[in-house]
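So the chains spell out like this:
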Amino acid sequence: MGTAERRLAPEDGTAGRSAARQRQPHYRPLWVEEPAKRYRMPDPVRTAAVRAVIIIAVTLTLAMVAFFCTMAESWLAFPMVISSVASTVVATWSAVDVLVTRQVWNQRYGVVSEPSSTARTLRRERRTARRQERAAEREQKRIRRRGGQAGQLTHP
């Protein structure tokens, strides 16, 4: 180092360390976790979906075995075709079960709705009408307590 560099460098020896730090590549993580955009499926829907996937996988396996048995002209071809037809019905039912379970769960627990401005306005109007009715009832009760005399212009 020259005299000008020595004068500018700090006395504690950090100049060498900062230069070494600048030469090191910056550490970058392999991945960055981001929040999930879709929420996790509810438990009943997830179990129905897992059940459906397993049944559909078994159905596809049965259909493939039935196809190969038919190509090989094996005696197992007929029972395998019958079982794959029955399994197709069950697989269809399980797929529909997922949709029904999801819809039922959404109707019971998952509906979060915010009223529209129209609904809010209607509710506000109903609330003010109820308040006016209650105020009118209170006024009538007060008149009755005074003996019905208040508000009459002449005595009978």
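Numbers given for residues are sequential positions, taken from 1 along each chain in its written order. Local features in a predicted model are, by the rule used here, given only for residues with pLDDT of at least 70; side-chain atom pairs are given and counted only at 80 or more, and totals for whole chains, interfaces and linings are based on all residues. Water and hydrogen atoms were dropped before computing side-chain values, which therefore reflect all heavy atoms in the structure.

### A closer look at the side chain of D97
- Helix numbering and strand numbering both begin at the N terminus, where a helix is a DSSP run of H or I of at least 4 residues and a strand a DSSP run of E of at least 2. Inspection of the secondary structure assignment puts D97 in helix α4 (residues 77-110).
- The classification of residues rests on relative accessible area computed with a 1.4 Å probe and restricted to protein chains. Under 20% of the type maximum is buried, over 50% is exposed, and intermediate values are partly exposed. For D97, a relative accessible area of 19% translates into the label buried.
- Residues count as neighbours in contact if any of their non-hydrogen atoms are within 4.5 Å of one another. Those residues in contact with D97 that lie beyond four places of it in its chain are A48 and R51.

### Regarding the pattern of salt bridges
- Put simply, a salt bridge is a Lys or Arg side-chain nitrogen that is within 4 Å of an Asp or Glu carboxyl oxygen. Per the stated rule, a full pass over the model turns up three salt bridges.
- A salt bridge links E139 to R142; the nearest nitrogen and oxygen atoms lie 3.0 Å apart. Placement of both E139 and R142 in helix α5 (residues 117-145) is noted, with a separation of three residues, approximately one turn of the helix.

### Here's the deal with a nonpolar patch on the surface
- A surface patch of nonpolar side chains, about 460 Å² in accessible area, is lined by M64, F67, F68 and M71.
- Relative to the assigned elements, F67 resides in helix α3 (residues 43-71). Exposure above 30% relative accessible area and no salt bridge define the residues that can form patches, which grow by joining like charges within 9 Å and nonpolar side chains of Val, Leu, Ile, Met, Phe, Trp and Tyr within 5 Å. Each accessible area is a Shrake-Rupley result for a 1.4 Å probe, and residues are judged covered by the shown protein chains and nothing else.

### Some remarks on the environment of A57
- With respect to the helices and strands, the residue A57 is situated in helix α3.
- Distance from A57 to A91, taken between C-alpha atoms, is 9.0 Å for residues 34 residues apart in sequence.

### A short note on the packing of aromatic side chains
- Only rings of Phe, Tyr and Trp enter the pairing, Trp through its six-membered ring, and a pair is recorded when the two centres are within 6.5 Å. The plane angle decides the type: under 30 degrees is stacked, over 60 is edge-to-face, the rest tilted. A complete count under the given rule lists two aromatic pairs for this structure.
- Where W105 meets Y109, the ring centres are 5.5 Å apart and the plane angle is 50 degrees; that geometry is what we call tilted. Taken together, the residues W105 and Y109, both in helix α4 and four residues apart, mark about one turn of the helix.
- Residue W105 is classed as partly exposed on the basis of its relative accessible area, which comes to 26%.
- Y109 gets classed as exposed once you look at its relative accessible area, which sits at 57%.

### Re the layout of surface pockets
- Residues are said to line a cavity or pocket when one of their atoms sits within 4 Å of a point; the points come from a 1 Å grid over protein atoms alone, cavities being sets where a 1.4 Å probe fits but cannot get out and pockets being open sets with protein on both sides within 12 Å along at least five of seven lines. Grid points are joined across faces, edges and corners, and a volume is the space filled by probe spheres set on the points. In this structure, the largest pocket occupies an estimated 250 Å³ of space.
- For the largest pocket, the full set of lining residues is R38, Y39, R40, M41, P42, V45, R102, W105 and N106.
- Looking at the lining of the largest pocket element by element, the count peaks at three residues for α4.
- Gly is placed with the polar residues, together with every amino acid not listed as nonpolar (Ala, Val, Leu, Ile, Met, Phe, Trp, Tyr, Cys and Pro) or charged (Asp, Glu, Lys and Arg). A class-by-class count of the residues in the lining of the largest pocket yields five nonpolar, one polar and three charged.

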